[in-house]
Amino acid sequence: MQVFKFGGASVKDAQGIRNVAGIIQQQPPKQLVVVVSAMGETTNELEKLTWAYLGREAAKDTIWQHVRARHEQVIDNLAGDNREPFEGVYELFSDVETLLAEEPEPNADKVYDQLVSFGELLSTRILNAHLNQSGLDSYWVDARRLIRTDDTYREGKVDWERTGEHITDTLADLIETSVMITQGFIGNTGEGYTTTLGRDGSDYTAAIFAYCLNAERVTIWKDVPGVLNADPKWFDETVKIDQLTYQDAIELAYYGATVIHPKTIKPLQNKNIPLYVRSFLQPQEPGTVIGHFEKHLPVPSFIFKMNQTLISLHPKDFSFIAEENLSKIFGHFAEYGVKINLMQNTAISFSVVVDHRPERLARLMPHLQENFRITYNEGLELITIRHYDEKTIDRVLVHKKLLLEQKSRYTVQLVVKDEARSPTPELTPE
Ligand SMILES: Nc1ncnc2c1ncn2[C@@H]1O[C@H](COP(=O)(O)OP(=O)(O)O)[C@@H](O)[C@H]1O
Ligand SMILES: N[C@@H](CC(=O)OP(=O)(O)O)C(=O)O
């Protein structure tokens, strides 16, 4: 059996849903699990809805009406005279409206998951209804019944044992004769509360199903021809990589190549399941295959992370940056959920580069300031090059001021300020 995953861009409108249905219908009508994300920008809009609902703002109704109207437009376009297969979508609309009429509960992250998860429920109901109407007897499966997580809302940790049991008990027989349509990104605590697996987590869901069902392959369908040696949004001359090792894929994803969610590779590597990255716009093309290969990346690969903040910590008492200070620092970063993208130290200074997330950083800073003098610099770029050479480094440094560089055998990371955008100030004192 195989697993397909379609992201938000592939199902952003009625034409997208018809295209996805066409790709599914090219396959034998069995032994296929299809994992689908929310349509287009729905997750971002549902996030806004959540903040408005929690803030008891009147804007929540306008935001929700907008989300609802866009889904209704897609149904209008697909349904023709027969709306019956789409009834499940209207039930979901009512569920959201019931939730929004209630007083919000205090745990904001829990509320987030209960609301934001509707994006995937809606898109899969619509796709399944369209497939049924087109003559394919696909089944809509509620991923929350199958994927069990802990109660870390917004970043649910998967209980692999329970999830494996649920998936095999529910799907192993059904899959022999049918196609399953299910949601990416969502799970359940076991006490009836929905969880989400972290933004962009639908690729990971596809890997979870593949692992539990011992799939022969996973295909994630994207708006690019495959894995390229750089994001085409930032780089003009990209090259498609035909074959990629699990190791290179996990490193590229970890450093920020958003084409694959970083958690996707491990479950697949553990069972030697190949991952195909293919274009939903050119489904006849082979794309990229990720697996156990001998050869490493044939070309240097570039990953750009924008909007980075460089924070340097200097112990106030001039103590060394050694175990004691490091464990304090890491403890605070972990507690406030600030992920470190790069770190470097000298005897009495420790520098980290993190995504610019003002709320999290504002909560973290006072704790660090107890023991450390802090300098920081915002608005930076973190450039990672896998399989670099000096020419590639020179190429990315044009018009950039280099603030920090770190090299290992295969990877160089450069923290730079784009001089074309604004003059580079020196590190700002505390
Ligand atoms: N190395 C890369 N190769 C291909 N695409 C990349 C790479 N790095 C970043 N991307 C970006 O990833 C996007 C596809 O991923 P994403 O938007 O998360 O897909 P989806 O949400 O449909 O699953 C592309 O449009 C491209 O801009
Ligand atoms: N819809 C979720 C999950 C996801 O993975 O979406 P996509 O496949 O479109 O990146 C999000 O936007 O975070």
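Along each chain, numbering runs from 1 in the same order as the chain's sequence is written. For this description, chains carry letters from A and ligands carry numbers from 1, given in the order in which they are written. Under the rules for a predicted model, residues below a pLDDT of 70 receive no local features and side-chain atom pairs below 80 are neither given nor counted, while totals for whole chains, interfaces and linings still include all residues.

**Q** Break down the overall build of the chain for me, citing the residues and quoting the values.
**A** A run of H or I in DSSP becomes a helix once it reaches four residues, and a run of E becomes a strand once it reaches two; helices and strands are each numbered from the N terminus. Looking only at helices and strands, the chain has 13 helices and 16 strands in total. Each radius of gyration is computed over the set of C-alpha atoms, and the globule rule expresses the reference value as 2.2 Å times the number of residues to the power 0.38. Over its C-alpha trace the chain gives a radius of gyration of 23 Å, about what one expects of a compact globule, namely 22 Å for 430 residues. Taken along its principal axes, the extent of the C-alpha atoms in the chain is 70 × 55 × 45 Å. Counts of 20 or more other C-beta atoms within 10 Å of a residue's own C-beta define buried residues, counts of 12 or fewer define exposed ones, and intermediate counts define partly exposed ones; C-beta atoms are placed from the backbone. Looking at the 430 residues of the chain, the share that counts as buried comes to 40%. Our contact criterion uses C-beta atoms placed from the backbone: two residues qualify when those atoms are within 7 Å. Put simply, 73% of the contacts in the chain that link residues at least 6 apart link residues at least 24 apart.

**Q** How would you summarise the UniProt feature "domain: Aspartate/glutamate/uridylate kinase" (unreviewed entry) in the chain if you had to cite specific residues and measurements?
**A** UniProt positions are given in the numbering used here, feature names are shortened, and annotations may be inferred rather than shown by experiment. In the numbering adopted here, UniProt assigns the feature "domain: Aspartate/glutamate/uridylate kinase" (unreviewed entry) to residues 2–279. The distance separating the terminal C-alpha atoms of residues 2–279 is 17 Å; by composition the span is 45% helix and 14% strand.

**Q** Just give me the short version of the sheet that holds strand β7 (residues 217–222), but keep the residues and values in it.
**A** For two strands to be treated as a pair, DSSP must find at least two bridges joining them. Taken together, eight strands build an open sheet; the order of strands is β3-β4-β2-β1-β7-β9-β10-β8 and the sheet is mixed. Because the sheet does not close on itself, it has two edges, and the strands there are β3 (139–141) and β8 (243–245). Recorded for the sheet is a direction-independent mean angle of 20 degrees between the axes of neighbouring strands. As a rule, the C-alpha atoms of each element are fitted with a line to give its axis, helices using only the stretch in contact, and angles between N-to-C directions run from 0 to 180 degrees. Of the strands in this sheet, β8 and β10 (288–291) touch helix α9 (residues 246–255), which is tilted by about 80 degrees from β8.

**Q** Please provide a residue-by-residue account of the domain arrangement of the chain, values included.
**A** In many analyses, interface size is given as the accessible surface area lost on bringing the parts together. Considered domain by domain, the chain is made up of domain 1 (2–215) and domain 2 (301–418). What fixes the domain bounds is an automatic or database domain assignment. For domain 1 versus domain 2, the distance between C-alpha centres works out to 36 Å.

**Q** Lay out the sheet that holds strand β11 (residues 301–315) with the relevant residues and their values.
**A** Taken in spatial order, the six strands make up an open sheet running β12-β13-β11-β14-β16-β15, and their pairing is antiparallel. Of all strands in the sheet, those with a lone pairing partner are β12 (340–345) and β15 (400–407), marking the two edges. Averaged over all pairs of adjacent strands, the angle between strand axes in this sheet comes to 30 degrees, irrespective of strand direction. One ladder, built from five bridges, connects β12 with strand β13 (residues 350–355); its direction is antiparallel. Residue Gln344 lies in a different strand from β13, and its bridge partner there is Ser351.

**Q** Please give an account of the site of ligand 1 that cites residues and values.
**A** In the vicinity of ligand 1 there are 18 residues, among which Gly7, Leu228, Asp231, Ala257 and Val259 approach most closely. Residues that form the shell around ligand 1 fall into these classes: eight nonpolar, five polar and five charged. Using a C-beta atom placed from the backbone, a residue is scored as near a molecule or strand whenever that atom is within 6 Å of it. Each residue gets one of three labels, nonpolar for Ala, Val, Leu, Ile, Met, Phe, Trp, Tyr, Cys and Pro, charged for Asp, Glu, Lys and Arg, and polar for the others, Gly among them.

**Q** Describe in detail the pairing of strand β9 (residues 275–279), supporting the description with residues and values.
**A** Alignment of β7 against β9, held across five bridges, turns out to be parallel. Across the sheet, Lys222 pairs through a bridge with Ser279, a residue of β9.

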